[in-house]
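# Survey of secondary and tertiary structure
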Amino acid sequence: MIAPTIVSERSEPRLIPETGLAARVAGIAEPLLEGLGFRIVRVRISGMSGMTVQIMAERPDGTMNIEDCENASRALDVEDLIDRAYRLEVSSPGIDRPLVRRSDFERFAGHVVKVEMAVARDGRRRFRGVLLGVEGETAKIRRDDAKEGETAEVQLPIADMAEARLVLTDALITESLRRAKAAERTAEIAGSPHRSGNQDDQGKFRHGSGTSRPVAHHEGE
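The following paragraphs examine the structure supplied in this document.

Rules used throughout
- Residue positions within a chain follow its written sequence, with the count starting from 1.
- In keeping with the predicted nature of the model, local features appear solely for residues at pLDDT of at least 70, side-chain atom pairs appear and are counted solely at 80 or more, and the whole-chain, interface and lining totals rest on all residues.
- Values reported for side chains reflect all heavy atoms of the structure, with hydrogen atoms and water molecules removed beforehand.
- Note on aromatic contacts: the rings of Phe and Tyr and the six-membered ring of Trp form a pair at centre separations within 6.5 Å, being stacked when their planes are under 30 degrees apart, edge-to-face when over 60 apart, and tilted otherwise.
- Think of it as a cone above the ring: NZ of Lys or CZ of Arg counts as a charge over the ring if it is within 6 Å of the ring centre and within 35 degrees of the ring normal.
- Think of it this way: any DSSP run of H or I at least four residues long counts as a helix, any run of E at least two long counts as a strand, and we number them from the N terminus.
- Here a polar contact is taken to be a pair of N or O atoms separated by no more than 3.5 Å, where protein atoms must pair a possible hydrogen donor with a possible acceptor and residues adjacent in sequence count only if both atoms sit in side chains.
- Take the buried Ala, Val, Leu, Ile, Met, Phe, Trp, Tyr and Cys residues and link them wherever side-chain atoms come within 4.5 Å; each set so joined is a nonpolar core.
- The buried label applies to any residue whose accessible area, calculated with a 1.4 Å probe on protein chains only, is under 20% of its type's maximum; exposed applies above 50%, and partly exposed to all values in between.
- Residue contacts are counted whenever heavy atoms from the two residues lie within 4.5 Å of one another.
- The rule for a salt bridge is simple: a side-chain nitrogen of Lys or Arg has to be within 4 Å of a carboxyl oxygen of Asp or Glu.

### Section: the packing of aromatic side chains
Scanning all chains against the criterion turns up 0 aromatic pairs. Sitting over the face of the ring of Phe127, Arg124 holds its NZ or CZ atom 4.6 Å from the ring centroid.

Set out below in structure tokens:
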């Protein structure tokens, strides 16, 4: 009898990954972050001159404070993520976060989401509505733009999505504050300080390397 494969929260695969150079950076950064207890949410690369590598990360429970961002940034700053000068920025997912894992779609059921499909569904690529949960390999959404007589509920294959993210609403902000307070209480019980740090207007904690890193060119790349 073959034992079932158990996937831990930390190693749960992302179903909406990057492509191209961002995918290569994710492949380098992922094992480094996992060793610290973090997991990647998203990698983005912006700017051709003065390039910035943005890595969004979190703990398996969805938390990521300013100290976590600093620790992750220091660990990543010793690696040549790309073969040119760049600025590294590590951030938490924020309130209106991307959804990239099956557990993300399960955790945030009941909230409003925006989805852009890489593969069109019923002739359209963009959907917005209340996330109802996960069925099999699909996310079930109740569209908020359904006309009278149309079926409001749709099932979208998660693997066919280019991007999915939460929409900032009062209910989402309330839920985010509740989760933050619960994390603070857990840290207090464990006897470790919870550094809240400064958040931007999307509720993200950020830490940047500050200056562009000169990176050695690797032959054959």
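After that view, the rundown keeps rolling.
### Brief notes about the environment of Arg97
If you trace the backbone, Arg97 turns up in the loop between strand E3 (86–91) and helix H3 (102–107). Arg97 sits 41 residues away from Met56 along the chain, and the two C-alpha atoms are 9.6 Å apart. Within the structure, the side chain of Arg97 is placed 2.6 Å from the side chain of Glu58, a separation counted as a polar contact.

### A look at the nonpolar core
Counting 23 residues, the largest nonpolar core has Leu99, Phe105, Val115, Leu131, Leu156 and Met161 as the members making the most contacts within it. Residue assignment for this core shows that the elements contributing at least two residues are strand E4 (112–121), strand E5 (124–135), strand E6 (138–143), strand E7 (153–157) and strand E8 (161–166). Once residues within four sequence positions are removed from consideration, Leu156 is found in contact with Val115, Met117, Arg121, Phe127, Glu137, Thr138, Ala139, Ile141 and Met161. Met51, Val53, Leu88 and Val90 belong to the second-largest nonpolar core, a separate cluster that totals 21 residues.

### Topic: the pattern of salt bridges
Side chains that differ in sign of charge can pair as their charged atoms come close. As enumerated under the stated definition, the model contains 20 salt bridges in all. Arg39 serves as the salt-bridge partner of Glu58, at 3.2 Å between the closest nitrogen and oxygen. Here the residue Glu58 occupies a position in strand E2 (residues 51–58), and Arg39 occupies one in strand E1 (residues 39–46), the gap between them amounting to 19 residues. Since its relative accessible area comes to 1%, Arg39 is described here as buried. What emerges from the salt-bridge pattern is a single network uniting Glu12, Arg39, Glu58, Arg97 and Asp104.

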